[in-house]
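Read off the chains here:
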Number of protein chains: 4
Amino acid sequence: MAEHISRRASEQASICLLEQYQAVRSRSTALCEPLAVEDMVIQAMVEVSPPKWHLAHTSWFFETFLLKPHLPDYRVFHPGFAFLFNSYYEQVGPFFPRSQRGLISRPSVAEVMAYRHHVDTAMARLLTQADAARLAELHPVLLVGLNHEQQHQELLLMDVKYNFFINPLHPVYARPSPVAASAALQQGHASYEGGIFPIGNDGHESFAYDNEGPRHQVVVEPFRLAKGLVTCGEYLEFIEAGGYRDPVLWMSDGWAAVQRHGWCAPLYWERSDEGWQVFTLHGMRAVDPQAPVGHLSWYEADAYARFAGSRLPTEAEWELAATADNARQELTETQADRLEPPVGGMRFFGALWQWTASPYMPYPRYRPVAGALGEYNGKFMAGQMVLRGSACITPQGHARVSYRNFFPFEARWMYGGVRLAWDD
Amino acid sequence: MAEHISRRASEQASICLLEQYQAVRSRSTALCEPLAVEDMVIQAMVEVSPPKWHLAHTSWFFETFLLKPHLPDYRVFHPGFAFLFNSYYEQVGPFFPRSQRGLISRPSVAEVMAYRHHVDTAMARLLTQADAARLAELHPVLLVGLNHEQQHQELLLMDVKYNFFINPLHPVYARPSPVAASAALQQGHASYEGGIFPIGNDGHESFAYDNEGPRHQVVVEPFRLAKGLVTCGEYLEFIEAGGYRDPVLWMSDGWAAVQRHGWCAPLYWERSDEGWQVFTLHGMRAVDPQAPVGHLSWYEADAYARFAGSRLPTEAEWELAATADNARQELTETQADRLEPPVGGMRFFGALWQWTASPYMPYPRYRPVAGALGEYNGKFMAGQMVLRGSACITPQGHARVSYRNFFPFEARWMYGGVRLAWDD
Amino acid sequence: MAEHISRRASEQASICLLEQYQAVRSRSTALCEPLAVEDMVIQAMVEVSPPKWHLAHTSWFFETFLLKPHLPDYRVFHPGFAFLFNSYYEQVGPFFPRSQRGLISRPSVAEVMAYRHHVDTAMARLLTQADAARLAELHPVLLVGLNHEQQHQELLLMDVKYNFFINPLHPVYARPSPVAASAALQQGHASYEGGIFPIGNDGHESFAYDNEGPRHQVVVEPFRLAKGLVTCGEYLEFIEAGGYRDPVLWMSDGWAAVQRHGWCAPLYWERSDEGWQVFTLHGMRAVDPQAPVGHLSWYEADAYARFAGSRLPTEAEWELAATADNARQELTETQADRLEPPVGGMRFFGALWQWTASPYMPYPRYRPVAGALGEYNGKFMAGQMVLRGSACITPQGHARVSYRNFFPFEARWMYGGVRLAWDD
Amino acid sequence: MAEHISRRASEQASICLLEQYQAVRSRSTALCEPLAVEDMVIQAMVEVSPPKWHLAHTSWFFETFLLKPHLPDYRVFHPGFAFLFNSYYEQVGPFFPRSQRGLISRPSVAEVMAYRHHVDTAMARLLTQADAARLAELHPVLLVGLNHEQQHQELLLMDVKYNFFINPLHPVYARPSPVAASAALQQGHASYEGGIFPIGNDGHESFAYDNEGPRHQVVVEPFRLAKGLVTCGEYLEFIEAGGYRDPVLWMSDGWAAVQRHGWCAPLYWERSDEGWQVFTLHGMRAVDPQAPVGHLSWYEADAYARFAGSRLPTEAEWELAATADNARQELTETQADRLEPPVGGMRFFGALWQWTASPYMPYPRYRPVAGALGEYNGKFMAGQMVLRGSACITPQGHARVSYRNFFPFEARWMYGGVRLAWDD
């Protein structure tokens, strides 16, 4: 009888996991619906991947870490895909150079879709056949796989935006949906006391990456944090005051980047006869001074903060403030996925990731998980900076107070903005 | 009455030109039939263009040089295409960077096809409406446009081959057709007397590029010319004798290229457990020692000739020999377009272009044609070498004894081979 | 009378400062004594500066920050030197590109020496003429200038070593002095308790850079620290175990650096028929397995630590351990400047700088000093890692427990080694 | 008796050769007299070599091709110099990378001078000990060695000029000598008949390089040639008419070079408040509109000729005109070496080398000499253009009607100017 109950519970769990799996997987293909086949192939800079590649790579992830080790009679879809769609897992095997992903036309989009179907069918079989013990074993890897696919959903939108931007025809990904009533702009700042506090994954989330822990104590001095993000209007003041021409505002490497790239505004901004325009997933439109400014490199975020007489917050400050302000509440209020940040309203989540003053380094006593999945986060802990919060294009359910996003200093194509901090 | 006759003659001429036009144009799209939409988008190196771009650029050519100046009410298909599909005509206007042609997904293939249709319809109108005087004016430009499109047909096949080669899945463009009986290998060499001879366009061809004239006298010393092309078997001897490791055989810049690129065999050759394989438009297959060796840079052609105790012929020698041997006859005997060079048979035409010892320079008293079309050939007369003859993929009717093809010293992706010469 | 005493005190202070000044300045030229004029000119990689440039730039520093603002009738030595010998102070004016410092032969060495003499004479005048108030004003800037010159003394030796290394004749900077009796190798490790501790400049030093403060609290968990540095013998095990060929040991960017540079040993190591040799300022010699291993990049230090089942210490851990162990004591025991690290003996100071796990970031509430001198440290707080301790070539009096040295991840030409740490 | 006479004749010949040798050799060191030791070390771009290197390399040439094979007990000066001072002779052995010649400070200038002395002493021994038969064998190689050293004398001056130019202090190599009375400007042009003519080394010179022959027939059509070189004043019209901004005037690769390098005037020209200045070996001075314009790339020479409604002459045209006009006469009239081209006077020789329309290719039936000396000229016959005549800095006795100088299309640091030609 107990066994019977257990079996039913296991079946329930299987069904529940499978539903989660299918929900995440179907969103990836839904995001590609507005795209032409041609759009699925291109890679307009080395950091970007073709949409087709995202669809295939996320399938390869399940194939590699779940189907091949756990589904006994699984047959790989194509022997060449392990090489083509491994991103960077050295322990799994060699991989195709990232810089050349946009140079290969085959497998075609249709073949990639067939690959996804093949993997999905096998995953359904794996999940429905698994008994409770097996499910318990698969569960953590499955969660990584689903969160991995959600990250690639965000990347896919970032990448499409960049790919479309460099095209002089400036294609439109989606017509804007009827605008929700904008919330009021968040203005002013809030003060937070200093002290010794814990930060990092507290174990109450259904999932967290290994890099969010271990939870540990930090000393924080009293600080203030802006209630809202820096707006395009505020950033325009920086531009017009000559911020991009004044080396005193910049880190040395940042100033070199300004010279090297000829930066004079955020990525996607273009000056026209009618003033500043910005490229969005809805096409070109006028810069809205009330909207949060995005697509800044860390160097620009840092230089702006210096210009404004402030600084970037540390990730500890950000997390403490978010905790103190019960920012998790925001996550349930966020409007379903939007393609561009809303004007006003959002504080910690749902508009733009927020650059911090913290290099992406392991927390004390951090250990990557064993095996190839340990390469997921750990090996990038050098030379990158942490962003906190989430963006409008971050999938529902993928944001957490302890979440640590990270990008190199010069990256601008992710949805990254600025929240200012001050010593108190 | 005379007028009536003239009108009918003009109508005949119009119809004839239009048929020529349609024949050439339809072949371009026919060449793309084996391609997936994805294949139409990519550009695997900077010298290559996406097939989609070839289809659009050749249409832009007619639009720019015939429709816009000559069809009064012509409406351009898309205002952005003048920028996207101008290749290099500075006098026409600015153009999109060549190196980024593979980064743009739009216009889609379907839009490019609509563009072609738009241009074809207008061209039919232009040609059928033109009176005799206008036709006479259009005729030379039309011929340039058609020959231009034929050149891009050859480029398209060269480019698809390269694009497919760098894909680890090695896609196949076309299954091999039933092989025609191979002709016997041409062996030995023929002697030619020295003297003073005319070379260059003699005016008997229905069309020739400006760079093929003016016809002029040259002094040539007695020489011998191989009857056939260097074969893969012969070239293998060079490889196995360490030809790629012996600097004495190479021009200084050529030796630097060998080091820089790590060359150790012709482009498309790969050593496998079963011996040397070569990538073709029919897929990978074993190197045939009897087949002519192709996809050599000028440096490799020159080094091989030195290794073989011979030299490359000058373009004058080549043209004199072809004239003396009545090579035009070959043009009528050539099998319709093939994708890879035949074994045996072909001498001057129809297998591989043949590198010469002649830099691509203007003939004495050469003047480029006036206007933007003068940029077609003239501005490339620096730093390139002449190839003579034609290749298996050269369109029917596009080869001539006076034809001067040209590529930079390091180029290997065109169908370029070697015919040896000796002083006599 | 009080005034008289004050004047005498002021004179005493002047004389004392001047003696310090002269001692530091004369050491710079003394370091160049073994060099030929030719050695003073070259720059074998962009990070390196010609010795001549170091001599001139350090003089420019005093000229710019003391003589021009404070010595009323000071005449600059040469109007062109402000451009040539400004290193990176944007607020002072434009500067000659760093990468081209080795391309200019003039001013000659003799002219640079005359420049030094000119500055030294003026500095003597400035210091002896200054009253107590003025001296108090000059004092902090003078100390920065002297510490700056000491840093360049260390750089000069690093740079000469690199310049000599790439010369196939491998010149020798100095014959080895009779070796002092080696101290015993430090083995094993020491445990330190966790807790909340202050780190940073405690104000008891006669000088500290702005980046060493403010002093602030940190949370540290219990840890162990190796008593000595990793030796060449231990590092050889890493090499022989294939450490340079195993991506699992490396950060992602580190692995890319290994591939890009072809690293297979520390800088200056060369494998010969008689085993591993290492280039030193005394010429080539056999690698001593007991000597501490130096000239590692951060990536190599990090990979080695992972290989050894340990990790790099944070800078807080390093400073706490050094404080707890009364490492300042070492500073008084250190043998006068040596050119290569001693075998055994030194723990925290006097052998090799020690890479830490800490990115070079501002301490909480850090503010750079006002004006151009604020560019000294502050603008490099992005993308570099901290090293602690000091090296054998660090000038006497230039080491401190709170000292924060910093270099980019890939830098190897400074004297950087490894001290391992473990969680406890 | 006959033997006695023969011995005396041989002694005479030895002495004569030795005097020639010493005259050439001593001029090389004399050219370095105005240089500081520091100037002897630097290499401001990859095409340039340090003066020290020129002095050593020319000595290595005699050591390698005469002393080692022919002086039985010769001891090489230093075993490392064969590697350091071989320029590009692959058959002799490996060589130090050209791009790094300015990165090595040792051997010092004094050591290089000792090397020269060592070689000179041995050469004197070789020449005085040789009997007639041996002398006859050595003679051709010795002549190559002396002409080689003369070429390096010209290179040395070119290189010093460039090295000094990039130094913001703009050092002066030599004060101008009292100016000789300028000859009148050569104006207008001369007509030459067409026909079939021989060109190339006619065997009447005491020395010629292998690339100047074999003498052979060429067909030349009637042409005109300017009597003088294009002047700075004429070239200024090109600049002011926007020549550097009009792509129609340029070869495609030339236009790309203009963009890439930002060319807007000849090398060494700088626009100042007082108008155009030009850097010379005598320092900066105002551009003289009457002086011939130099330091042009082939692309600029070609674009200017097109702008002027003319063209560059072929090397055959140049040689025929020089022969017809008895230009050899000029060689005896030329003022001893000058550092900058004279105003007026010189036609074919003694002012600036003159770019031709001829690629540097072998003459019909050209064979490089056997052995490593065959690398002297032959392996550069690809991708370079011929210049004819000579420059003011060309050593006395080093100019010939058949002399073929050659440089790549983009080179500007040699003394290269323009003589225009027209079809007649």
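Above this text you will find the structure in question.
All values reported here derive from a predicted model rather than from experimental measurement. Residue positions are given per chain, counted from 1 along the sequence in the order it is written. In the order they appear in the text, chains get letters beginning with A and ligands get numbers beginning with 1. Given that the model is predicted, a residue must reach a pLDDT of at least 70 before its local features are reported, and side-chain atom pairs must reach 80 or more before they are shown or counted; all residues, however, enter totals for whole chains, interfaces and linings. Values reported for side chains reflect all heavy atoms of the structure, with hydrogen atoms and water molecules removed beforehand.

### Focus: the nonpolar core
This is how the line gets drawn: Buried Ala, Val, Leu, Ile, Met, Phe, Trp, Tyr and Cys residues that are joined via side-chain atoms within 4.5 Å together make up what is termed a nonpolar core. For every residue, the accessible area obtained with a 1.4 Å probe (protein chains only) is divided by the maximum for its type, and the residue is called buried under 20%, exposed over 50%, and partly exposed between those limits.
If you look at the biggest cluster of nonpolar residues, it comprises 246 residues, and the most contacted ones within it are A:Tyr173, A:Trp269, B:Tyr173 and B:Trp269. Core analysis: the second largest hydrophobic core is formed by 245 residues, C:Val48, D:Met251, D:Met414 and D:Leu420 among them.

### Considering the environment of D:Gly344
Residues and elements named next belong to chain D. Condition: Secondary structure elements are defined from DSSP: runs of H or I of at least 4 residues count as helices, runs of E of at least 2 residues count as strands, and each element is numbered from the N terminus. Pairs of residues are marked as contacts when any of their non-hydrogen atoms sit within 4.5 Å.
Counting through the fold element by element, Gly344 comes out in the loop between helix H10 (328–333) and strand E8 (353–359). C-alpha of Gly344 to C-alpha of Ala301: the two residues are 43 residues apart in sequence and 19 Å apart in space. Ignoring anything within four residues of it in the chain, the contact list for Gly344 reads Ala183, Ala184 and Leu185.

### A word on the relation of the copies chain C and chain A
The cut-off we apply is this: Least-squares fitting of one copy onto the other uses the C-alpha atoms of those residues that reach a pLDDT of at least 70 in both copies.
Taken as rigid bodies, chain C and chain A are interconverted by a rotation of 180° and an axial shift of 0.0 Å, the fit giving an RMSD of 0.0 Å. Taken together, the turn and the small shift mark the pair as related by a two-fold rotation axis. Nearest to the rotation axis, the C-alpha of C:Gly383 is located 2.8 Å from it, this being the minimum over chain C. An overlap of 100% is found between the interface residues of chain C and their copies at the interface of chain A, pointing to a shared contact surface.

### Examining the interface of chain C and chain A
Often the size quoted for an interface is simply the accessible area lost on bringing the parts together. This is how the line gets drawn: Buried surface area refers to the total accessible area, computed with a probe of radius 1.4 Å, that the two partners give up upon joining, counted for both partners together. Salt-bridge detection follows one rule: a side-chain nitrogen of Lys or Arg within 4 Å of a carboxyl oxygen of Asp or Glu. Counted as a polar contact is a pair of N or O atoms within 3.5 Å, where, for protein atoms, one must be capable of donating a hydrogen and the other of accepting one, and residues adjacent in sequence contribute only when both atoms are in side chains. Residues were grouped as follows: Ala, Val, Leu, Ile, Met, Phe, Trp, Tyr, Cys and Pro as nonpolar; Asp, Glu, Lys and Arg as charged; and all remaining residues, including Gly, as polar.
In this complex, chain C contributes 34 residues to the contact, which on the side of chain A involves 34 residues. When chain C packs against chain A, the two sides together hide about 2,600 Å² of surface, and 61% of this comes from carbon and sulfur. Here chain C is connected to chain A by four salt bridges. Between A:Arg367 and C:Asp423 there is a salt bridge whose closest N-O contact spans 3.1 Å. Where chain C packs against chain A, one counts 12 residue pairs in polar contact (both at pLDDT 80 or more). Across the side of chain C that touches chain A, the residue classes tally to 20 nonpolar, six polar and eight charged.

### Focus on the interface of chain A and chain B
Taken together, the contacts link 31 residues of chain A with 31 residues of chain B. Of the roughly 2,300 Å² buried where chain A meets chain B, counting both sides, 66% is carbon and sulfur surface. On the chain A side of the interface with chain B, the three residues burying the most area are A:Glu38, A:Arg106 and A:Leu169, jointly 30% of the side's total. Taken together, chain A and chain B are joined by two salt bridges. Across the salt bridge formed by A:Asp39 and B:Arg106, the nearest N and O atoms sit 2.4 Å from each other. Counting every contact that joins chain A to chain B gives eight residue pairs in polar contact (both at pLDDT 80 or more). The element that contributes the greatest number of residues to the side of chain A that touches chain B is helix H3 (residues 81–85) of chain A, accounting for three residues.

### Side note on the environment of D:Met45
Residue and element names in this part refer to chain D. Residue position: Met45 is located in the loop between helix H1 (2–31) and helix H2 (51–70). On the accessibility criterion, Met45 (21% relative accessible area) is partly exposed. The spacing of Met45 and Gln100 is 55 residues in sequence and 9.9 Å in space, taken between C-alpha atoms. In this structure, Met45 is in contact with Tyr162 and Trp413, ignoring residues within four places of it in sequence.

### Some thoughts on the pattern of salt bridges
Residue and element names in this part refer to chain A. Per the counting criterion, the structure on display carries 88 salt bridges over all chains. Between Glu137 and Arg134 there is a salt bridge; the shortest N-O distance is 3.6 Å. Separated by three residues within a single helix, Glu137 and Arg134 lie in helix H5 (residues 132–165), roughly one turn from each other. Residue class for Arg134 comes out partly exposed when judged on its relative accessible area of 30%. Each of Arg25, Arg116, Asp120 and Glu149 takes part in one network of salt bridges that share partners.

### Describing the packing of helix H2 (residues 51–70) of chain C against helix H5 (residues 132–165) of chain C
All names here are of chain C. Where we set the bar: Think of each axis as a best-fit line through the C-alpha atoms, taken over the contacting stretch in the case of a helix, with angles from 0 to 180 degrees between the N-to-C directions. By the definition adopted for this analysis, an angle is roughly parallel if under 35 degrees, roughly antiparallel if over 145, roughly perpendicular if from 65 to 115, and oblique otherwise.
Running from amino to carboxyl end, H2 crosses H5 at an angle of 170°, the nearest separation of the two axes being 9 Å. Comparing the axis directions of H2 and H5 gives the class roughly antiparallel. Of the residues belonging to the contact of H2 with H5, the class tally is 14 nonpolar, eight polar and four charged.

### Remarks on the relation of the copies chain A and chain B
Overlaying chain A with chain B gives an RMSD of 0.0 Å, the required rotation being 180° about an axis along which the chain moves by 0.0 Å. Most of the interface of chain A is mirrored in chain B: 100% of its interface residues are interface residues there too.

### A closer look at the environment of B:Glu149
Residues and elements named next belong to chain B. Along the chain, Glu149 turns up in helix H5 (residues 132–165). Of the residues examined, Glu149 reaches a relative accessible area of 0% and is grouped as buried. Along the sequence, Glu149 and Phe62 sit 87 residues apart, while their C-alpha atoms lie 9.7 Å from each other.

### With respect to the sheet that holds strand E11 (residues 416–417) of chain C
Strand pairing in a sheet relies on backbone hydrogen bonds, with the paired strands running either antiparallel or parallel. Residues and elements named next belong to chain C. Basically, it comes down to this: By the convention used here, strands pair only if DSSP detects at least 2 bridges between them.
The four strands are arranged E10-E9-E8-E11 in an open sheet whose pairing can be described as mixed. If you trace the sheet from one side to the other, it starts and ends with strand E10 (405–408) and E11, each paired once. With four bridges connecting them, strand E9 (residues 384–388) and E10 associate as antiparallel partners. When the bridges of E10 are listed, Met385 appears paired with Phe407.

### So, the packing of helix H4 (residues 109–129) of chain C against H5(C)
Residue and element names in this part refer to chain C. The condition is simple: Left-handed describes a crossing in which the near helix is turned anticlockwise from the far one by less than a right angle; the clockwise case is right-handed.
Contact geometry for H4 and H5: axes closest at 12 Å, N-to-C directions at 150°. On the basis of the axis angle, H4 is roughly antiparallel to H5. Between H4 and H5 the crossing geometry is left-handed. The residues of H5 that touch H4, namely those facing Arg116, Met123, Leu126 and Leu127, are Leu135, Leu138, Leu142 and Glu149. Looking at the contact of H4 with H5, its residues break down into six nonpolar, no polar and two charged.

### Notes on the pairing of strand E6 (residues 275–280) of chain D
Residue and element names in this part refer to chain D. Taking burial as the measure, the six residues of E6 include five buried ones, the bulk of the element. Strand direction decides the pairing type here: strand E5 (residues 269–272) and E6, joined by four bridges, are antiparallel. Following the sheet pairing, Ser272 is matched in E6 by Gly275. The hairpin formed by E5 and E6 contains two residues between the paired strands. Relative to strand E7 (residues 283–286), E6 runs antiparallel, the two sharing four bridges. Across the sheet, Phe279 pairs through a bridge with Met284, a residue of E7.

### Re unusual backbone geometry
A cis amide bond links D:Arg106 to the next residue, D:Pro107, at an omega of 5°. On the secondary structure map, D:Pro107 appears in the loop between helix H3 (81–85) and helix H4 (109–129). Note that the residue after D:Gly213, namely D:Pro214, is joined by a cis bond; omega there is 0°. Tracing the backbone shows D:Pro214 in the loop between strand E2 (195–199) and strand E3 (216–220). For B:Arg365, which is not glycine, the phi torsion reads 65° and is therefore positive. Position of B:Arg365 among the secondary structure elements: in the loop between strand E8 (353–359) and strand E9 (384–388).

### A look at the arrangement of the chains
Where chain B comes nearest to chain C, the C-alpha atoms are still 15 Å apart, and the two do not contact one another. Across all C-alpha pairs, the smallest distance from chain A to chain D is 15 Å, and the two are not in contact.

### Details of the packing of aromatic side chains
Pairs of aromatic rings are described using the distance from one ring centre to the other and the angle between the two planes. Which entries qualify depends on this criterion: Aromatic rings from Phe, Tyr and Trp, with only the six-membered ring used for Trp, were paired whenever their centres fell within 6.5 Å, and each pair was classed as stacked if the ring planes differed by under 30 degrees, edge-to-face if by over 60, and tilted otherwise. Definition used: whenever NZ (Lys) or CZ (Arg) falls within 6 Å of the ring centre and also within 35 degrees of the ring normal, the charge is taken to sit over that ring.
Summed over the entire model, instances satisfying the criterion amount to 176 aromatic pairs over all chains. Note on C:Phe380 and C:Phe406: the rings are 6.3 Å apart at their centroids and 25° apart in plane angle, and the pair reads as stacked. Taken together, the positions of C:Phe380 in the loop between strand E8 (353–359) and E9 and C:Phe406 in strand E10 put the pair 26 residues apart, joining distant regions of the chain. On the basis of relative accessibility, which here comes to 15%, the residue C:Phe406 falls in the buried class. Taken together, a centroid distance of 6.2 Å and an interplanar angle of 50° make the contact between D:Tyr268 and D:Phe279 tilted. One end of the pair, D:Tyr268, is in the loop between helix H7 (252–261) and E5; the other, D:Phe279, is in strand E6, with 11 residues separating them in the sequence. The residues D:Tyr268 and D:Phe279 share a single accessibility class, namely buried. Directly above the aromatic system of C:Phe348 lies the positively charged group of C:Arg419, at a separation of 4.8 Å from the ring centroid.

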